[in-house]
Amino acid sequence: MIVVIDYNIGNVRSVCNAFRHIGCDIRLSRDPDTVGRALGLVLPGVAAFGYAIEALGSAAELVKQAAAAGKPVLGICVGYQMLFEESSEYGPHQGLGLVKGKVVALPAAQVVPHMGWNRVDLPGDMDLFSDLGESRHFYFAHSYYAQPGDERAKIAYTDYGFALPAAIQKDNIYGVQFHPEKSGRQGLKVLQNFYDLCRSRA
Amino acid sequence: MSFKLQTGTFKLFVMLTKRIIPCLDVKDNRVVKGINFLNLRDAGDPVELGARYSDTGADELVFLDITATIRSRKTIVDMVERVAKNVFIPFTVGGGVQSVEQIDELLRSGAEKVSVNTAAVQNPNLIAEAAQRFGNQCVVLAIDARRSKTRPGHWQVCVKAGSEPTDLDVVEWAARGEELGAGEILLTSMDADGTLAGYDNELNRAVSDAVNIPVIASGGAGNLDHLYDAITLGGADAVLMASITHFGDFTITQMKEHLRDRGLPMNL
């Protein structure tokens, strides 16, 4: 079973729908026992960073505990941004600090939000991108982005006038800035890869 | 970044692909398609058709409730929930949307974006309220445009599924929509709709030059070159089509390969 952390925020349902579609046993929950039994956790999110981290509340500890115990954790969009140490969206906010780095506004020289399909170069050694080839398009919708500062993190980039980090992997921590649940077949494959790695580590 | 083409410049939203968007007009839980908004023909089940497009490479979908009566509202929310379980690309829902509450309900049911049309003409503040509450990216201003018979080179905004012309000028209304907070313009030429004779690229160009938000060209797609022309001549960021894809004339992949081979960035 995979648990999507329930913290009453947008797009939770879409993420659950996508996991169900690939035949994954998925549960929407923030109950400590259920989270404890999960093979892996998913942290979704579409909202401002500060709002999301506040809504996450006490469930933040559950995510940190699971991460420390070696359970795979997948952050999506703002859920991915929350994996980092801090964000400057509408004032400074602390993140979960599972990956070193900070979240900042996209440069004003670009069209903001970064919204639409963009091509991501896929490093061969990132688990989420198994069997997806060298590059694929994914659906993005965001105005802030993470600048990873973790020498142990593997990073996949997309081109948005500069090399924009689109996904990270550090030990058992995974994150994608794009929306795999809205990225068609290739997006479903990313979720399938996460589900597979959760099962193989169990 | 911009490129000089035969008839002017078009903005390139850096590296983002041009989008192919099948449009599903829904009436009594069936997809239908007509000519110039009339003579409807059945094109199948909305959820099934949507799932097929999601699986075969469409970039987005638009569902328009063309009954849009009070009774059909509940039906459309149910449909959106079922669509969300089977469609894994972004989708927009529109048709008869009157209020911020209705927009909220549709977004919660799984739509990424909601389009407003007649209600926004009657109450432009609806765009601003929705943009502030849900973000600009969730609000699509749909405009049904008809060539003015009295003012050449101008288009009239029509409301109530195109049945009622207004005094609004399409280009001015699109610019006002952007100011109010719309994130995108869905621009339908009523003259071209369903004719398969090509998009109205004079219209598309006039509007895309007047706004900085993406313009989705709609109405008239009949062959693959029409799609290319809407993007290059018309300046559209996305092309919407119904007849040529619902009835099997072209697959999504054929459209994308054609546009890619002619040099446009596509999600393939």
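A quick note: this is a predicted structure, and the numbers were derived from the prediction, not measured.

Draft legend 1. Just the overall build of chain B, in detail. Across its full length, chain B holds 10 helices and 14 strands. Here the C-alpha atoms of chain B give a radius of gyration of 17 Å, agreeing with the 18 Å that 2.2 N^0.38 yields for 268 residues. Principal axes of the C-alpha set define a box for chain B whose edges measure 50 × 40 × 35 Å. Here chain B holds 268 residues, and the buried ones make up 60% of them. Look at the contacts in chain B between residues 6 or more apart in sequence, and 65% of them connect residues 24 or more apart. Carbon together with sulfur atoms contributes 49% to the accessible area of chain B, which is approximately 10800 Å² in total. Here chain B holds 27 positive side-chain charges and 35 negative ones, and the gap between their average locations is 1 Å.

Draft legend 2. Seen up close, the sheet that holds strand β10 (residues 144-148) of chain A. Residue and element names in this part refer to chain A. With mixed pairing, 4 strands are arranged side by side in an open sheet as β6-β5-β7-β10. The two strands at the open ends of the sheet, each matched to only one other strand, are β6 (93-94) and β10. Two strands pair when backbone bridges link them, and strand β5 (residues 86-87) and strand β7 (residues 101-105) are joined in this way by 2 bridges, in the parallel orientation. Bridge pairing in β7 places serine 87 opposite valine 103.

Draft legend 3. Highlighting the environment of glycine 75 of chain A. All names here are of chain A. Inspection of the secondary structure assignment puts glycine 75 in strand β4 (residues 73-76). Glycine 75 sits in the buried class, given a relative accessible area of 0%. When the C-alpha positions of glycine 75 and valine 4 are compared, they lie 9.9 Å apart, and in sequence the two are 71 residues distant. Once you skip the residues sitting within four places of it in the chain, glycine 75 turns out to touch Leu43, Tyr80, Leu83, Tyr174, Gly175 and Val176.

Draft legend 4. The packing of helix α1 (residues 12-21) of chain A against helix α6 (residues 184-201) of chain A, seen in detail. All names here are of chain A. Where α1 contacts α6, the axes come no closer than 10 Å and their chain directions differ by 75 degrees. With respect to α6, the element α1 is oriented roughly perpendicular. Contacts between α1 and α6 involve Ala18, Phe19 and His21 on the former and, on the latter, Leu188, Leu191 and Phe194. Here the residues of the contact of α1 with α6 are counted per class, giving 5 nonpolar, 1 polar and no charged.

Draft legend 5. Geometry of the interface of chain B and chain A. Listed per partner, the contact involves 28 residues of chain B and 23 residues of chain A. With both chains or domains summed, chain B and chain A bury close to 2100 Å², and 57% of this area falls on carbon and sulfur atoms. The tally of links between chain B and chain A comes to 2 salt bridges. Between glutamate 81 of chain B and arginine 13 of chain A there is a salt bridge; the shortest N-O distance is 3.8 Å. Contributing elements (two or more residues each) for the side of chain B that touches chain A: α1 (46-55) and α2 (70-86) of chain B. Ranked by the residues each element gives to the side of chain B that touches chain A, the list is headed by α2 of chain B, at 3 residues. Across the side of chain B that touches chain A, the residue classes tally to 12 nonpolar, 8 polar and 8 charged.

Reading the values: the criteria
- Residues numbered from 1 in each chain as written.
- Chains lettered and ligands numbered in written order.
- Predicted model: local features only at pLDDT ≥ 70, side-chain atom pairs only at ≥ 80, totals over all residues.
- Heavy atoms only, no water.
- Helix = DSSP H or I, 4+ residues; strand = E, 2+ residues; numbered from the N terminus.
- Rg over C-alpha atoms; globule rule 2.2 N^0.38 Å.
- Buried < 20%, exposed > 50% of the residue type's maximum accessible area, 1.4 Å probe, protein only.
- Contact = heavy atoms within 4.5 Å.
- Areas by Shrake-Rupley, 256 points an atom, 1.4 Å probe, with all protein chains shown as cover.
- Lys, Arg positive; Asp, Glu negative; His and termini not counted.
- Charge placed at Lys NZ, Arg CZ, Asp CG, Glu CD.
- Pairing = 2+ DSSP bridges.
- Axes fitted to C-alpha atoms, helices over the stretch in contact; angles between N-to-C directions.
- Parallel < 35°, antiparallel > 145°, perpendicular 65-115°, else oblique.
- Nonpolar A, V, L, I, M, F, W, Y, C, P; charged D, E, K, R; others polar.
- Buried area = accessible area lost by both parts, 1.4 Å probe.
- Salt bridge = Lys/Arg side-chain N within 4 Å of Asp/Glu carboxyl O.

Interpretation note: all reported values are geometric properties and have no functional meaning in isolation.
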